[in-house]
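# Coordinate analysis (summary)
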Amino acid sequence: MIKILYEDNHILVVVKPKNVPVQLDSSNDSDLLSILKDYLKEKYNKPGNVYLGLVHRLDRPVSGIMVFAKTSKAASRLSEQVRLGKMTKKYYAVVEGKLSKNVGTFTDKLLKNSKTNTTIVSDLGKESILNYKVLDYQNNLSLVDIDLVTGRSHQIRVQFSSRNHALYGDQRYNKNAKVGEQIALLSYSLSFFHHTTGTQMFFEIEKPDFYPWNLFATNKKHIL
């Protein structure tokens, strides 16, 4: 069952499991949107189709916090927050190597190829920005806290791999990733404003307790 962090008449906040697509794709594997619609249909004994608005995404292999809209008005308001940068998303990632700076900003132009579902750094792409800080370094791996300023497809994965710090276990962008390894990327924090109350909603989860995450004993908030 999907872990529910918060639910009211307007929104649904959940933890997306790893390797579950957000919505139905060519694989026809069970997708998060359909699972949650079935959950709402059963919980509230709703006849017919259930509305649930998708306002942001996570890559299929990535786990973490997501918010869904239970009404079209909520979907519109949340989408506007995404567009205006008022929805804040933070990630933990485990990347290869030791970064030259413990705090920094990556700015690139990224271009997505929809046919191959890959993203590259290109002057033809859209401006993509993230801020990061290194929390810990063990066994030639760095635990990084990332504040995603823009939300481009595969942005974190490409911006780090293009600087020779690919994410651990990233089967698409890390040439060293071994078959069966899981990408070490977690959307651990999400904040936004509730469209009816104006209250800032804040949600956070802890990092997993398996390799390589467990190399780093705690969710450190300080810089090395």
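Cut-offs applied
Residues numbered from 1 in each chain as written. Predicted model: local features only at pLDDT ≥ 70, side-chain atom pairs only at ≥ 80, totals over all residues. Heavy atoms only, no water. Helix = DSSP H or I, 4+ residues; strand = E, 2+ residues; numbered from the N terminus. Contact = heavy atoms within 4.5 Å. Salt bridge = Lys/Arg side-chain N within 4 Å of Asp/Glu carboxyl O. Buried < 20%, exposed > 50% of the residue type's maximum accessible area, 1.4 Å probe, protein only. Phe/Tyr/Trp six-rings, centres within 6.5 Å; stacked < 30°, edge-to-face > 60°. Lys NZ or Arg CZ within 6 Å of the ring centre and 35° of its normal. Pairing = 2+ DSSP bridges.

### Quick word on the environment of Met201
With respect to the helices and strands, the residue Met201 is situated in strand β11 (residues 200-204). Taking the C-alpha atoms as reference points, Met201 and Leu135, separated by 66 residues in sequence, lie 25 Å from one another. Leave out the neighbours within four places in its chain, and Met201 touches Tyr6, Ile11, Leu190, Ser191, Phe192 and His194.

### Regarding unusual backbone geometry
Put simply, Tyr211 and Pro212 share a cis peptide bond, and its omega is 0°. Among the structural elements, Pro212 can be located in the segment after β11. The phi angle at His154 is positive, at roughly 60°, despite the residue not being glycine. Of note, His154 is situated in the loop between β9 (141-148) and α3 (155-161).

### Quick word on the pattern of salt bridges
A complete count under the given rule lists six salt bridges for this structure. With a shortest N-O distance of 2.3 Å, Arg60 and Asp29 are connected by a salt bridge. Residue Arg60 is found in the loop between β3 (53-54) and β4 (63-69), and its partner Asp29 is found in the loop between β2 (11-16) and α1 (32-43); the two are separated by 31 residues along the sequence. By relative accessible area, which is 30% here, Arg60 ends up partly exposed. By relative accessible area, which is 32% here, Asp29 ends up partly exposed. The partner of Asp59 in a salt bridge is Arg157, and the shortest N-O contact between them spans 2.9 Å. Of this pair, Asp59 sits in the loop between β3 and β4 while Arg157 is found in helix α3, placing the two residues 98 residues apart along the sequence. Each member of the salt-bridge network shares a partner with another, and the members are Glu7, Lys43 and Lys70.

### Some remarks on the packing of aromatic side chains
Scanning all chains against the criterion turns up seven aromatic pairs. Taken together, a centroid distance of 6.0 Å and an interplanar angle of 50° make the contact between Tyr6 and Phe203 tilted. Residue Tyr6 is located in strand β1 (residues 3-7), and its partner Phe203 is located in strand β11; the two are separated by 197 residues in the primary sequence. Using a relative accessible area of 27% as the deciding quantity, one classes Tyr6 as partly exposed. An aromatic cluster of at least three residues, connected via ring pairs, comprises Tyr6, Phe192 and Phe203. One Lys or Arg, Lys98, reaches over the ring of Tyr137 and ends 4.6 Å from the middle of that ring. In this structure, Arg163 packs its charged tip against the face of Phe106, placed 4.0 Å from the ring centre.

### Regarding the pairing of β4
For β4, a buried count of seven out of seven residues is recorded, marking the element as mostly surrounded by other parts of the structure. The pairing of β2 with β4 spans six bridges and is classified as antiparallel. Bridge pairing in β4 links Val14 to Met66. As judged from the two bridges shared by β3 and β4, these two strands associate in the antiparallel manner.

Remember, this is a structural readout, not a statement about activity or role.
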